Amino acid sequence: MKDFTMTFDELYRIARETLNPRELSRSSSAGSVAAAILTDRGNVYRGVCIDTPCSMGFCAEHAAIAAMVTAGENRIVKLVAVMEDGSVGAPCGRCREFICQIHDDNHRCEVLLEAGRTATVGELLPMRWN
């Protein structure tokens, strides 16, 4: 899907449609958080979280970024993460740092926050690793 003018409302809709909460096994679940990212080439990549014991799972943002990198891209323009109840959430600290390390300009990525507010990853992670 290529759309260089995609709004946060459209990206939210894609992330919300990606939600798919389910049990994977006795101890693992997936899909209670979904993320949609828009790249500088106008492509949208989606992912869901996988929650497992022993911290071996990963966030929805990581899954979406893995799909993006697999497709040969690494520059993120916008990001939306949606929780199971439909609310939006900011990426965790690990995701913020990961986003910045995937491309040197990803600190400029805009993130949808609650109440329709937005911030850049750089604003959310002012003292990043590099």
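Residues numbered from 1 in each chain as written. Predicted model: local features only at pLDDT ≥ 70, side-chain atom pairs only at ≥ 80, totals over all residues. Heavy atoms only, no water.

K.L.:
Even after reading the chapter, I still don't get the nonpolar core, so can you show me in this structure?
P.N.:
General note: in soluble globular proteins, nonpolar side chains tend to be found buried as a group. In this structure, Ile-37, Ile-76 and Val-111 are the most contacted members of the largest nonpolar core, which totals 20 residues. Secondary structure elements with two or more residues in this core: strand 2 (29-39), strand 3 (44-51), helix 2 (60-70), strand 4 (76-83), helix 3 (93-102) and helix 4 (121-124). No other element matches helix 2, which puts four residues into this core. Once residues lying within four places of it in the same chain are set aside, the contact partners of Ile-76 are Ile-37, Leu-38, Thr-39, Ile-65, Met-68, Ile-99, Asn-106 and Cys-109. Judged by nonpolar contacts, the second largest core, of 15 residues, contains Met-6, Leu-11, Ala-36 and Leu-112. (Core = buried A, V, L, I, M, F, W, Y, C linked by side-chain atoms within 4.5 Å. Buried < 20%, exposed > 50% of the residue type's maximum accessible area, 1.4 Å probe, protein only. Helix = DSSP H or I, 4+ residues; strand = E, 2+ residues; numbered from the N terminus. Contact = heavy atoms within 4.5 Å.)

K.L.:
What should I look at first to understand the side chain of Thr-18 in this one?
P.N.:
Within the secondary structure, Thr-18 is located in helix 1 (residues 8-18). At a separation of 2.7 Å, a polar atom in the side chain of Thr-18 contacts the main-chain carbonyl oxygen of Ile-14. Every residue in contact with Thr-18, bar those within four places of it in the chain, is listed here: Ala-34, Arg-46, Gly-47 and Val-48. (Polar contact = N/O pair within 3.5 Å; in protein donor to acceptor, adjacent residues only side chain to side chain.)

K.L.:
Would you explain the packing of aromatic side chains in this entry?
P.N.:
Two descriptors summarise a pair of aromatic rings, namely the distance from one centre to the other and the angle between the planes of the rings. One pass over the structure, following the stated rule, counts zero aromatic pairs. One residue, Lys-78, lies across the ring of Phe-8, its end atom 4.9 Å from the ring centre. (Phe/Tyr/Trp six-rings, centres within 6.5 Å; stacked < 30°, edge-to-face > 60°. Lys NZ or Arg CZ within 6 Å of the ring centre and 35° of its normal.)

K.L.:
Teacher, can you tell me more about the environment of Ala-66 here?
P.N.:
With respect to the element layout, Ala-66 can be found in helix 2. On the accessibility criterion, Ala-66 (42% relative accessible area) is partly exposed. C-alpha of Ala-66 to C-alpha of Thr-5: the two residues are 61 residues apart in sequence and 23 Å apart in space.

K.L.:
Looking at this structure, I do not really get the pattern of salt bridges. What am I missing?
P.N.:
This structure, assessed with the given rule, holds two salt bridges. Notably, a salt bridge pairs Arg-13 with Glu-17, separated by 3.2 Å at the nearest N-O pair. Of this pair, Arg-13 and Glu-17 both sit in helix 1, separated by four residues, roughly a single helical turn. Among the residues examined, Arg-13 registers a relative accessible area of 40% and is labelled partly exposed. For Glu-17, a relative accessible area of 53% gives the class exposed. Here Arg-108 and Asp-105 are joined by a salt bridge, their closest N and O atoms 3.0 Å apart. Judged by relative accessible area, which is 49%, Arg-108 ranks as partly exposed. Look at Asp-105 and you get partly exposed, because its relative accessible area is 28%. (Salt bridge = Lys/Arg side-chain N within 4 Å of Asp/Glu carboxyl O.)

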